Amino acid sequence: MPTILGQNQYGKAENRVVKITRDGATHHIKDLNVSVSLSGDMEEVHYSGSNANVLPTDTTKNTVYAFAKEHGIESAEQFGIHLARHFVTSQEPIKTARIRIEEYAWERIEAADANSRFIGADEVKHSFVRKGQETRLTQITYDGERWEVVSGLKDLVVMNSTNSEFWGYVKDKYTTLKEAYDRILATQVSARWRFNWTDDDQRMPHWEKSYEQTKKHMLQAFAETYSLSLQQTLYQMGSRIIDNRGEIDEVRFSLPNKHHFLVDLEPFGLKNDNEVYFAADRPYGLIEATILRDGCEPRIPVDLTNL
């Protein structure tokens, strides 16, 4: 045979599942986008078309919805772990399952005052509005023995309106950028962090608390760092996470520098004292790096678009 089969996987991508938990009159929402990828003894379906080892992708879709009912959705990570374990342990040809999940957050709508002529706030516990912030992410990979859980977020836009400088950089004949001693620092955070929980004998992290605390430390580091470069800020954000969250060994960031340029108001006889800016959406500087716990090896892909 002149060719051989290389890496392969299959599954059902982007299964949108919304789970409503009704605690009396109070309702809770989990809104997920779940993608399933399976790999294993799948050579024959590629070579001859035999589906003898193939679990239909439609079945994987149905499993997502059935598990939302059977197991509930405590967290994106826990839900992904249930799915990955099921596919690997229930189907002998399947050796590895990878579950990718995006979670979309909702928050309750603040209702009218209880004394209002409308429905009181104490009665409205089932209305929500989508949060306009980040999308939460997780990827769970299981091979029947070892787990790898990489979680994170994307599209979290943050800004410091001061306490940021940029000067002392290399200059050549093509350099026109002026040094800045008081600038806006803004970015749209894409981050992934890898847990050191890898087998069932270890104590499993509290996934919801871990996410909340990791995001908190990330934002606090961004706010509290007097920045001389976005690289410096990135490193402080990752270091703060590693120092405070013992369940995490590795963090990778991709931070586009959302440039804000001072507008020249002199033609109008006005002085721009760091007040009016033009927000440029492109091109943008793109700062990326991995921060590791000392002694750990990097495993998060350099290109986060592949994760």
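Structure: above.
## Examining helix 5 (residues 230-244)
Part 1: Taking 1.5 Å per residue as the helical rise, helix 5 with its 15 residues ought to reach 21 Å, and the 21 Å between its terminal C-alpha atoms agrees with that figure.
Part 2: Within helix 5, the full set of buried residues consists of Leu230, Thr233, Leu234, Met237, Gly238, Ser239, Ile241 and Ile242.
Part 3: Taken together, the buried residues of helix 5 touch strand 8 (185-195), helix 4 (207-224), strand 9 (248-257) and strand 12 (285-292).

## Description of the side chain of Asn33
Part 1: Its location among the elements puts Asn33 in strand 2 (residues 26-40).
Part 2: There is a polar contact of 3.2 Å between the side chain of Asn33 and the side chain of Glu14.
Part 3: Those residues in contact with Asn33, other than ones at most four positions away along the chain, are Glu14, Asn15, Arg16, Arg100, Ile101, Glu102 and Tyr104.

## Remarks on the pairing of strand 8
Part 1: Counting buried positions along strand 8 gives ten out of eleven residues, so the element sits mostly inside the fold.
Part 2: Of the strand pairs in this sheet, strand 7 (residues 147-160) and strand 8 are connected by nine bridges, and their pairing is antiparallel. What sits directly across from Val158, in strand 8, is Thr187.
Part 3: The sheet contact formed by strand 8 and strand 9 spans seven bridges and is antiparallel. For Arg192, the partnering residue across the bridge sits in strand 9 and is Arg252.

## Re the sheet that holds strand 6 (residues 135-142)
Part 1: Strand order in the open sheet formed by eight strands is 1-2-3-6-7-8-9-12, and the pairing between neighbours is antiparallel. Edge positions in the sheet fall to strand 1 (15-23) and strand 12, since each of these pairs with one other strand and no more. Taking each pair of neighbouring strands and ignoring which way they run, the sheet shows an average axis angle of 20°.
Part 2: Relative to strand 6, strand 3 (residues 94-104) runs antiparallel, the two being bridged by seven bridges. If you follow Ala97 over to strand 6, its bridge partner there is Tyr142.
Part 3: Helix 4 contacts strand 2, strand 6, strand 7, strand 8 and strand 9 of the sheet and is inclined by roughly 35° relative to strand 7.
Part 4: Its contacts with the sheet put helix 5 on strand 8, strand 9 and strand 12, and the angle it makes with strand 9 is roughly 155°.

## Structural notes on the nonpolar core
Part 1: Residues Val34, Phe79, Val189, Trp193, Met218 and Phe253 are the most contacted members of the largest nonpolar core, which totals 52 residues.
Part 2: It is helix 3 (residues 76-90) that provides the largest number of residues to this core, a total of seven residues.
Part 3: With residues up to four places along the chain from it excluded, the contact list for Val34 reads Lys12, Ala13, Glu14, Asn15, Val17, Val64, Phe79, Leu83, Ile99, Arg100 and Ile101.

## Describing unusual backbone geometry
Part 1: Here the amide bond leading from Arg282 into Pro283 is cis, since omega sits at -5°, within 30 degrees of zero.
Part 2: With respect to the helices and strands, Pro283 occurs in the loop between strand 11 (277-279) and strand 12.
Part 3: The backbone of Asp155 sits at a positive phi, close to 65°, despite the residue not being glycine.
Part 4: With respect to the helices and strands, Asp155 occurs in strand 7.

The rules behind these values
- Residues numbered from 1 in each chain as written.
- Predicted model: local features only at pLDDT ≥ 70, side-chain atom pairs only at ≥ 80, totals over all residues.
- Heavy atoms only, no water.
- Helix = DSSP H or I, 4+ residues; strand = E, 2+ residues; numbered from the N terminus.
- Expected span 1.5 Å × (residues − 1).
- Buried < 20%, exposed > 50% of the residue type's maximum accessible area, 1.4 Å probe, protein only.
- Contact = heavy atoms within 4.5 Å.
- Polar contact = N/O pair within 3.5 Å; in protein donor to acceptor, adjacent residues only side chain to side chain.
- Pairing = 2+ DSSP bridges.
- Axes fitted to C-alpha atoms, helices over the stretch in contact; angles between N-to-C directions.
- Core = buried A, V, L, I, M, F, W, Y, C linked by side-chain atoms within 4.5 Å.

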